Amino acid sequence: MSDEHHVVVVGGGFGGLQLVNDLKGAAVRITLIDRRNHHLFQPLLYQVATTVLATSEIAWPIRHLYRDRPEVTTLLGEVIGADPIARTVALESGQTIAYDTLVLATGATHAYFGHDEWAAVAPGLKTLEDATTIRRRVLLAFERAELEQDPERRDALLTFTIVGAGPTGVELAGIIAEMAHRILPPEFRRIDTRRARIVLVEAGPRILPAFSEELSGYAGRELKELGVEVLTGTPVTDCSAAGVVIGDRFVPSCTLVWAAGVQASPAASWLGIPADRAGRALVGKDLTAPGYPEVFIIGDTAAVSRADGKPVPGIAPAAKQQGAFVAKTIRARLEGRPAPGPFRYRHQGSLATIGRRAAIIDFGRIKLKGALAWWIWGVAHIYFLIGTRSRFAVAWSWLWTFLSGQHSARLITQKETEDVEAVELRD
């Protein structure tokens, strides 16, 4: 066993990978643990769910990424606990792994605000499995509507409800509307897909609350132009296979998508440290767990405040900045240098798309909307993809969609699950 400092990283998301990348050449050996074998570019996950991109275009095997880094060991496994006294993490398989420095970048999952039973009928969007499930349900809804004889049942099949109007909800609603109203009509004979209802529900007073009121208002108008029904100021009170209750009004809808909230992984409870209401660990200014300077927590798992007291948003650039900061801190400790100081988040702007030709961008003083914002959004996302092949593949898929108006990934797969869902939807 090597005497080199052992860094265990739990989570192969943006923060975890940035940390491992920035520790290249340091006197450490690294064990990277993730319950999936791939890194996922989550900002484009909704495009897999809506048939624009294929899964292989936004995900990369972690082992392949570090094939030329012999000091990096990749393990496929699920961490179920951590012992900061013994300095070990426990895997579901029963194995324990000792560490000198631990970095928890375990991310977040969907939050149903005490109604976890809704998850079966209203899936969220955090993983490739989520994206393919949503894609399958959307496409099957149109196929079943083509076969349906009962007008009321057909209308329910052609009603798509997205709960939550942050960037993910807005982007999903916009692309589903474009599919129904512009792409699919020539392909069906018994139904007019343009009659589909796309309902976007937001409990708050306006959509995209993280953006300025001007940009939020523009996004709302663009969505309505696409045919999306935007309902604000009313929460969802029930979800079922038959539909959704918005306030006290029942809307028959066979396809529901949840984009209303997130819950952090249980990393804080593993360590026995305080957490906020979303389960995010309350960390120090150097991103360490209180009382455990050898444990860092980053990304969606951590509650971090900006200089102005506002929370650091749970977005990819924030996680990457935290991963880079922790790598600098580890290097400084190993080399006997002073730590780099408190973590300071540099906000690089907020972006969201509304359909195929419009977007909004908020850079603070500079705010953009429309087609120019859409092109900037696209260039920014292509830049952050991993590898030339992925950048080319995504750019080509977008160019094809833009020029032809067609999506390239409209495949219904996983037939065994399809059969189960068919029974559920008939009942």
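Predicted model only: the values in this text are computed from it and were never measured.

The rules we used
Residues numbered from 1 in each chain as written. Predicted model: local features only at pLDDT ≥ 70, side-chain atom pairs only at ≥ 80, totals over all residues. Heavy atoms only, no water. Helix = DSSP H or I, 4+ residues; strand = E, 2+ residues; numbered from the N terminus. Rg over C-alpha atoms; globule rule 2.2 N^0.38 Å. Contact = heavy atoms within 4.5 Å. Areas by Shrake-Rupley, 256 points an atom, 1.4 Å probe, with all protein chains shown as cover. Lys, Arg positive; Asp, Glu negative; His and termini not counted. Charge placed at Lys NZ, Arg CZ, Asp CG, Glu CD. Pairing = 2+ DSSP bridges. Right-handed = clockwise from strand over helix to strand, strands pointing away. pLDDT = per-residue confidence, 0-100. Polar contact = N/O pair within 3.5 Å; in protein donor to acceptor, adjacent residues only side chain to side chain. Salt bridge = Lys/Arg side-chain N within 4 Å of Asp/Glu carboxyl O. Buried < 20%, exposed > 50% of the residue type's maximum accessible area, 1.4 Å probe, protein only. Axes fitted to C-alpha atoms, helices over the stretch in contact; angles between N-to-C directions.

So, on to the overall build of the protein. Within the protein, the secondary structure is distributed over 12 helices and 25 strands. In summary, the protein has a C-alpha radius of gyration of 22 Å against a globular reference of 22 Å for 427 residues, a match within 12%. Put simply, 64% of the contacts in the protein that link residues at least 6 apart link residues at least 24 apart. As displayed, the protein has an accessible area near 19,700 Å², and 54% of this comes from carbon and sulfur atoms. When the 47 positive and 46 negative side-chain charges of the protein are each reduced to one mean point, those points stand 7 Å apart.

What follows covers the pairing of strand 13 (residues 228–232). By the bridge criterion, five bridges tie strand 12 (residues 197–202) to strand 13 in an arrangement that is parallel. Bridged to Val199 within strand 13 is Glu229. Tracing the backbone out of strand 12, into helix 7 (residues 213–226) and back to the parallel element strand 13 gives a crossover that is right-handed.

All right, on to the confidence of the model for the protein then. When the pLDDT values of the protein are averaged, the result is 92; 95% of them are 70 or greater. Contacts from residues 416–420, a stretch scored under 50 in pLDDT, to residues over four places away or in other chains number five contacts. The model gives residues 422–427 a pLDDT under 50, and that stretch makes six contacts with residues more than four places away or in other chains.

Inspection of the secondary structure puts His181 in helix 6 (residues 167–183). Among the polar contacts made by the side chain of His181, one reaches the main-chain carbonyl oxygen of Arg194 at a distance of 3.5 Å. A distance of 2.8 Å separates the side chain of His181 from the backbone oxygen of Leu226, its partner in a polar contact.

With that settled, the discussion passes to the pattern of salt bridges. Evaluation of the coordinates by the stated rule reveals 12 salt bridges. The salt bridge partner of Arg195 is Asp155, with a shortest N-O separation of 3.4 Å. In this pair, Arg195 sits in the loop between helix 6 and strand 12 while Asp155 sits in helix 5 (residues 151–157), placing the two residues 40 residues apart along the sequence. The shortest N-O distance in the salt bridge between Glu178 and Arg182 comes to 3.4 Å. Of the two residues, Glu178 and Arg182 both sit in helix 6, four residues apart, roughly one turn of that helix. Using a relative accessible area of 47% as the deciding quantity, one classes Arg182 as partly exposed.

Right, let's get into helix 1 (residues 14–22). Within helix 1, seven of the nine residues are buried, which leaves it mostly tucked inside the rest of the structure. Phe14, Gly15, Gly16, Leu17, Gln18, Leu19 and Val20 are the residues of helix 1 that are buried.

With that settled, consider the environment of Ile273. Along the chain, Ile273 falls in the loop between helix 8 (267–271) and strand 19 (281–282). Put simply, Ile273 and Leu91 are 182 residues apart on the chain and 20 Å apart in space, counted from C-alpha to C-alpha. Beyond its immediate sequence surroundings of up to four residues, Ile273 is in contact with Ala268, Ala281, Ala289, Pro290, Tyr292 and Ile297.

Where burial is concerned, most of strand 21 (residues 292–297) is hidden: five out of the six residues are buried. Two strands pair when backbone bridges link them, and strand 9 (residues 101–104) and strand 21 are joined in this way by three bridges, in the parallel orientation. What sits directly across from Leu102, in strand 21, is Val295. Looking at chain direction, strand 20 (residues 288–289) and strand 21 are connected through two bridges and run antiparallel. Residue pairing across strands places Thr288 opposite Phe296, the latter belonging to strand 21. Between strand 20 and the antiparallel strand that follows it, strand 21, lie two residues; Gly291 among them carries a positive phi value of about 90°.

Ordered by their spatial adjacency, four strands build an open sheet running 13-12-11-17, and the pairing between neighbours is parallel. The open sheet has two edge strands with one neighbour each: strand 13 and strand 17 (255–258). Strand-to-strand twist across the sheet, computed as the mean angle between neighbouring axes with direction ignored, equals 15°. Across four bridges, strand 11 (residues 159–163) lies against strand 17 in parallel orientation.

For the rest of this paragraph, the subject is the sheet that holds strand 15 (residues 243–246). Taken together, the three strands give an open sheet; going across it, the order is 14-15-16, and neighbouring strands pair in antiparallel fashion. If you trace the sheet from one side to the other, it starts and ends with strand 14 (236–240) and strand 16 (249–252), each paired once. Put simply, the sheet's adjacent strands are angled 15° from each other on average, direction ignored. For strand 15 and strand 16, the ladder comprises four bridges, and the chain directions are antiparallel. Counterpart to Val245 in the pairing with strand 16 is Phe250.

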